[in-house]
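Residues per chain are reported as follows:
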Amino acid sequence: MSGNLQRLYLDRGPQITVFALCLAFAGCSGGGIAGLYPVSGTVTYLGKPVEGATVSFINKGEGRPATAVTKVDGSYQLYTLDSKGALPGSYSVLVSKFEALSEEPNKDPGFDPVTGQDLSMEQSAANAGKRQAKAKELIPAKYGSQQTTPLTFDVQDSKNVFDLKLE
């Protein structure tokens, strides 16, 4: 070693060693799931983009599901766990969106907002101060079930752009 390099190593040797080890471990970690392919598209309902919908690609085989939440323009990009993309395979595609639950308590605890029926005094007392329990679906329920969804796609090692036009 030259004099300057030797002095640098003696002064900063432990920090240089730790830095080199960090770089080595970062390079070896892989940083995600191998074999994923990018999947994106747009969700529209009755011709309009859907913001805040959950898109789930459920693998028909043994693979992991991939999910996304749509942006303001209805666009989505799938993630498998915390890695961008989906594994290759055949998928059933589910789309769901629910109305946000009200933060206000039920204004009439003697009335069931779901069934429209009057409640007994005991039920009314139990409901006092409770939040509304059931969220309203904003997209037809058939798209939210693996048994009824008409949406199926094959993810391949090519460009995977799947626009979901819901009716």
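Residues numbered from 1 in each chain as written. Predicted model: local features only at pLDDT ≥ 70, side-chain atom pairs only at ≥ 80, totals over all residues. Heavy atoms only, no water.

Enquirer: Tell me what's going on with the overall build of the protein chain, and back it up with residues and numbers.
Expert: Looking only at helices and strands, one finds 2 helices and 11 strands in the protein chain. Considering the protein chain as a whole, with its 167 residues, one finds that 24% of them fall into the buried category. Summarising the internal contacts of the protein chain: among those between residues at least 6 apart in sequence, 64% fall at separations of at least 24. Counting only carbon and sulfur atoms, one obtains 55% of the accessible surface of the protein chain, whose full area is about 11,400 Å². (Helix = DSSP H or I, 4+ residues; strand = E, 2+ residues; numbered from the N terminus. Buried < 20%, exposed > 50% of the residue type's maximum accessible area, 1.4 Å probe, protein only. Contact = heavy atoms within 4.5 Å. Areas by Shrake-Rupley, 256 points an atom, 1.4 Å probe, with all protein chains shown as cover.)

Enquirer: Lay out the confidence of the model for the protein chain in plain terms, naming residues and giving numbers.
Expert: Taken over all residues, the pLDDT of the protein chain has a mean of 78, while the share at 70 or more is 63%. Segment residues 5-30: pLDDT under 50, and 5 contacts once partners within four positions in sequence are set aside and those in other chains are kept. (pLDDT = per-residue confidence, 0-100.)

Enquirer: Please set out the nonpolar core residue by residue, giving values where relevant.
Expert: Within the largest apolar cluster, 23 residues are counted, with the highest numbers of intra-cluster contacts made by Phe 57, Tyr 76, Leu 78, Val 95 and Leu 164. Looking at this core, the elements with two or more residues in it are strand E1 (39-45), strand E3 (54-59), strand E4 (66-69), strand E8 (89-96) and strand E11 (164-166). Looking at this core element by element, the count peaks at 3 residues for E8. Filtering out sequence-adjacent residues up to four positions away, Phe 57 remains in contact with Val 39, Pro 65, Ala 66, Tyr 76, Leu 78, Tyr 91, Ser 92, Val 93, Phe 153, Val 155 and Phe 162. (Core = buried A, V, L, I, M, F, W, Y, C linked by side-chain atoms within 4.5 Å.)

Enquirer: Account for the packing of aromatic side chains, naming residues and giving values.
Expert: What the rule picks out here adds up to 5 aromatic pairs. Arranged with centres 6.0 Å apart and planes meeting at 35°, the rings of Phe 57 and Phe 162 form a pair that is tilted. In this pair, Phe 57 sits in strand E3 while Phe 162 sits in the loop between strand E10 (160-161) and E11, placing the two residues 105 residues apart along the sequence. Of the two residues, Phe 57 and Phe 162, neither departs from the other in class, the shared state being buried. Clustering of aromatic rings is evident, with ring pairs tying together Phe 57, Tyr 76, Tyr 91, Phe 153 and Phe 162. (Phe/Tyr/Trp six-rings, centres within 6.5 Å; stacked < 30°, edge-to-face > 60°.)

Enquirer: Give a detailed account of unusual backbone geometry, specifying residues and quantitative values.
Expert: Despite not being glycine, Leu 46 shows a phi value in the positive range, around 55°. Within the secondary structure layout, Leu 46 lies in the loop between E1 and strand E2 (48-49). Unlike most non-glycine residues, Leu 81 shows phi in positive territory, near 55°. Tracing the backbone through its elements, the reader meets Leu 81 in the loop between strand E6 (79-80) and strand E7 (83-84).

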